[in-house]
Amino acid sequence: MPFEDPEPTTEPVTQSESTEQKISPEAPQRFVSGFVSILGRPNVGKSTLLNALLGTKVAIVSDKPQTTRTALQGILNLPGAQVIFMDTPGIHKPDTLMNQRMMKEVQAALEGRDLLLFVADATAPVGIRDEEAVALIRDVSTPKLLLLNKIDQLRNKAVLLPLIDRYRQMADFEEYIPISALTGDGLDRVKQEIVKRLPEGPAYFPQDQLTDQPLPFFVSEIIREKILHATRHEVPHAVMVQIDQWEDKPNLLRVAASIYVEREGQKAILIGAKGSMLKRIGTEARLELEALLGKKVYLELFVKVRKDWREKPVYVNLLGWKHYG
Ligand SMILES: Nc1nc2c(ncn2[C@@H]2O[C@H](COP(=O)(O)OP(=O)(O)OP(=O)(O)O)[C@@H](O)[C@H]2O)c(=O)[nH]1
Ligand SMILES: [Mg+2]
């Protein structure tokens, strides 16, 4: 079951007591595990990195900043290790209740971790916002690695050295690793540097579990991702998706979902001429879900206006997946 079971067991799934290990002297004696947060400014590629590390999609990705609104875990099983990654919203100055809540998720992801991965965009000049973002993690005593992402876009790799120097002055990172989350360049080294730093411990999740988010939340996120890809300016930020009806049969998933926006004008954009935009969003979400889930998906989407929902606790509390299941 790759998604979170509605009734999860809290007992860690221990590897060390398997009979196989007892009778095989060559089996690795040491099993390591730990919790690793992925942090950084919006749009630097944190969610792309999580998906690339896991080799499958658990987090949505878009070129709009503040795509990720809720911290979520992705579980990577390696020989002798289990890494529990946490993807987080981008570090930014909050201007709405929703954004404040997103930054609370970032703060929570700094606590009780074994390692922090700070992701930066190697193609962008370093500025005050980067310094502010690093300042948030600088004084946390947890070991930190700096990942300079998007190096596939760098024409001149010589810019990396001065960039590394700049970040070295801002905080005490244990390693500086140039990567491309898009091509996978550098990710083997990232995995090695992570595993090296994890303490001995059990596998906390079963081998077949990929994430802690329930499937209905993931489906709502895929719908939101297609909206982010199709819209611009204020619309992506003003959208929230809620699942209203859910019927999961062996060969068919039937879902009805509401797309909340803040203004009538945004609703008109999302519906499009003769419903064309909503149809496109629905088709793109359906095709991706059918491919990911291996079954037919029937999606019904409704667009509703909830004025200034990003400032209202009753709606902001619906963000994320904690209320599902
Ligand atoms: N060229 C290139 N683009 C990348 C790479 N990693 C991510 N991107 C692109 O950068 C954009 C942002 O990626 P995300 O993974 O959504 O970034 P994020 O840091 O999770 O963003 P937020 O959730 O908004 O904080 C998307 O358009 C990605 O395709 C990379 O290694 N190379
Ligand atoms: Mg993200």
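Residues numbered from 1 in each chain as written. Chains lettered and ligands numbered in written order. Predicted model: local features only at pLDDT ≥ 70, side-chain atom pairs only at ≥ 80, totals over all residues.

J.: Looking at this model, I keep getting lost on the sheet that holds strand E4 (residues 115–121). Mind explaining?
T.: On the basis of which strands lie adjacent, the open sheet formed by six strands has the order E2-E3-E1-E4-E5-E6 and mixed pairing. Pairing within the sheet leaves two strands with one partner each, and these edge strands are strand E2 (72–78) and strand E6 (175–178). Within this sheet the neighbouring strands show an average axis-to-axis angle of 25°, counted without direction. Packing against the sheet, helix H6 (residues 187–197) makes contact with strand E1 (32–40), E2, strand E3 (81–87), E4, strand E5 (144–149) and E6, and its axis sits at approximately 155° to E6. (Pairing = 2+ DSSP bridges. Helix = DSSP H or I, 4+ residues; strand = E, 2+ residues; numbered from the N terminus. Axes fitted to C-alpha atoms, helices over the stretch in contact; angles between N-to-C directions. Contact = placed C-beta atoms within 7 Å.)

J.: Which parts of the structure should I look at to understand the domain arrangement of the chain?
T.: The figure often quoted for interface size is the accessible area lost as the parts come together. The domains assigned to the chain are domain 1 (19–197) and domain 2 (215–316). Computed from C-alpha coordinates alone, the two centres of domain 1 and domain 2 are separated by 28 Å. Counting from both sides, the interface comprises ten residues of domain 1 and, opposite them, 13 residues of domain 2. (Domains from an automatic or database assignment.)

J.: Please explain the sheet that holds strand E9 (residues 296–305) as it appears in this structure.
T.: By definition, the strands of a sheet pair up through backbone hydrogen bonds, in either a parallel or an antiparallel sense. Pairing in this open sheet of three strands is mixed, and the strands run E7-E8-E9 from one edge to the other. The open sheet has two free edges, formed respectively by strand E7 (240–248) and E9, since each of these has just one partner strand. The average angle at which neighbouring strand axes cross in this sheet is 20°, direction not considered. Note: E7 against strand E8 (residues 252–261), eight bridges, orientation antiparallel. Within the sheet, the bridge partner assigned to Ile243 lies in E8 and is Ala257. Contacts from helix H7 (residues 215–230) reach E7 and E8 within the one sheet, and its direction differs from that of E7 by about 135°. Most of the contacts of helix H8 (residues 264–271) go to E9, to which it runs at about 155°, and overall it touches E8 and E9.

J.: Please clarify how the pairing of E8 should be interpreted in this entry.
T.: Every other side chain in a regular strand lies on the same face of the sheet, so the side chains alternate between the two faces. From the end of E7 to the start of E8, which pair antiparallel, there are three residues. In the sheet, E8 pairs with E9 via ten bridges, with the strands oriented parallel. Counterpart to Tyr260 in the pairing with E9 is Lys304.

J.: Help me out: how do you make sense of the packing of H7 against helix H9 (residues 276–293) in this one?
T.: For any two helices packed against each other, one specifies the crossing angle of their axes together with the interaxial distance. Contact geometry of H7 with H9 gives a least axis separation of 9 Å together with a crossing angle of 130°. In terms of orientation, H7 lies oblique with respect to H9. Crossing of H7 over H9 shows right-handed handedness. Judged by residue contacts, Val219, Ile222, Ile223, Lys226, Ile227 and Ala230 of H7 engage Met277, Arg280, Ile281, Glu284, Ala285, Glu288 and Leu289 from H9. (Parallel < 35°, antiparallel > 145°, perpendicular 65-115°, else oblique. Left-handed = near helix turned anticlockwise from the far one by under 90°.)

J.: What should I look at first to understand the site of ligand 1 in this one?
T.: The local shell around ligand 1 holds 24 residues, among which Gly45, Ser47, Thr48, Thr68 and Gly90 are the closest. Tallying contributions element by element places helix H2 (residues 46–54) first for the shell around ligand 1, with three residues. Looking at the shell around ligand 1 residue by residue, the class counts come to seven nonpolar, 13 polar and four charged. (Near = placed C-beta within 6 Å. Nonpolar A, V, L, I, M, F, W, Y, C, P; charged D, E, K, R; others polar.)

J.: Even after reading the chapter, I still don't get unusual backbone geometry, so can you show me in this structure?
T.: Where the residue is not glycine, phi is negative for most of them; where a peptide bond is considered, it is trans in most cases. Positive phi outside glycine occurs at Asn43, with the angle close to 75°. Using a count of 18 C-beta atoms within 10 Å as the deciding quantity, one classes Asn43 as partly exposed. Even without being a glycine, Gln66 presents a positive backbone phi close to 65°. Relative to the helices and strands, Gln66 is located in the loop between H2 and E2. According to the C-beta neighbour criterion, Gln66 is partly exposed, with 17 such atoms within 10 Å. (Buried ≥ 20, exposed ≤ 12 C-beta atoms within 10 Å, placed from the backbone.)

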